[in-house]
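# Overview (structure and organization)
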Amino acid sequence: MSNYKFPSVVCFILFSILFSFSYFAPTATVLAKSRRPISDSEIRQKKSDCYADIESGLWGSHCKSSSIAKENCALKCLSPACYELVYESDPLEEGEKDLVRSQEFKYCLHKLSLGESIEGIKGAFD
């Protein structure tokens, strides 16, 4: 039997994957079953946590390449389903302030927190 040791990089990657599953999976479950709408302060806290993850490199270097890349990654971190629905086909661009899509995203978070369908959200504030 050999004394083979995993390189520290492999251990870090495995730990990161396990951490991601344990950190993000319970959040989605809690949101879907809470039957209480997510509050603005909870959204701000979760987004702040996403920014910290981005800064630590968990989301890759592309998320740190510009302020708008960081914002798109933070929105995707906050809710992959809502990001896909509202922003994925047309991500935010540098200097863009899209209040309609921002409202749609927040409404999507609200609906998900209540365990409701997010169908019909796209275009709901046009």
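In what follows, the structure referred to is the one given above.
Summary of the structure given here. Because the structure is a prediction, the values reported are computed rather than measured. (Residues numbered from 1 in each chain as written. Predicted model: local features only at pLDDT ≥ 70, side-chain atom pairs only at ≥ 80, totals over all residues. Heavy atoms only, no water.)

This next bit is on the packing of aromatic side chains. In the structure shown here, the tally under the stated rule is 2 aromatic pairs. Geometrically, the ring pair formed by Tyr87 and Phe105 is tilted, given 5.7 Å between the ring centres and 50° between the ring planes. On the criterion of sequence distance, the pair formed by Tyr87 in the loop between helix 4 (80-86) and helix 5 (99-113) and Phe105 in helix 5 is long-range, its members being 18 residues apart. Given a relative accessible area of 5%, Phe105 falls into the buried group. Taken together, the ring pairs in this structure connect Tyr83, Tyr87 and Phe105 into an aromatic cluster. (Phe/Tyr/Trp six-rings, centres within 6.5 Å; stacked < 30°, edge-to-face > 60°. Helix = DSSP H or I, 4+ residues; strand = E, 2+ residues; numbered from the N terminus. Buried < 20%, exposed > 50% of the residue type's maximum accessible area, 1.4 Å probe, protein only.)

Evaluation of the coordinates by the stated rule reveals 8 salt bridges. Across the pair Glu42 and Arg36 runs a salt bridge, and its minimum N-O distance is 2.6 Å. Look at Arg36 and you get partly exposed, because its relative accessible area is 43%. Several salt bridges converge on common partners, so that one network encompasses Glu96, Asp98 and Arg101. (Salt bridge = Lys/Arg side-chain N within 4 Å of Asp/Glu carboxyl O.)

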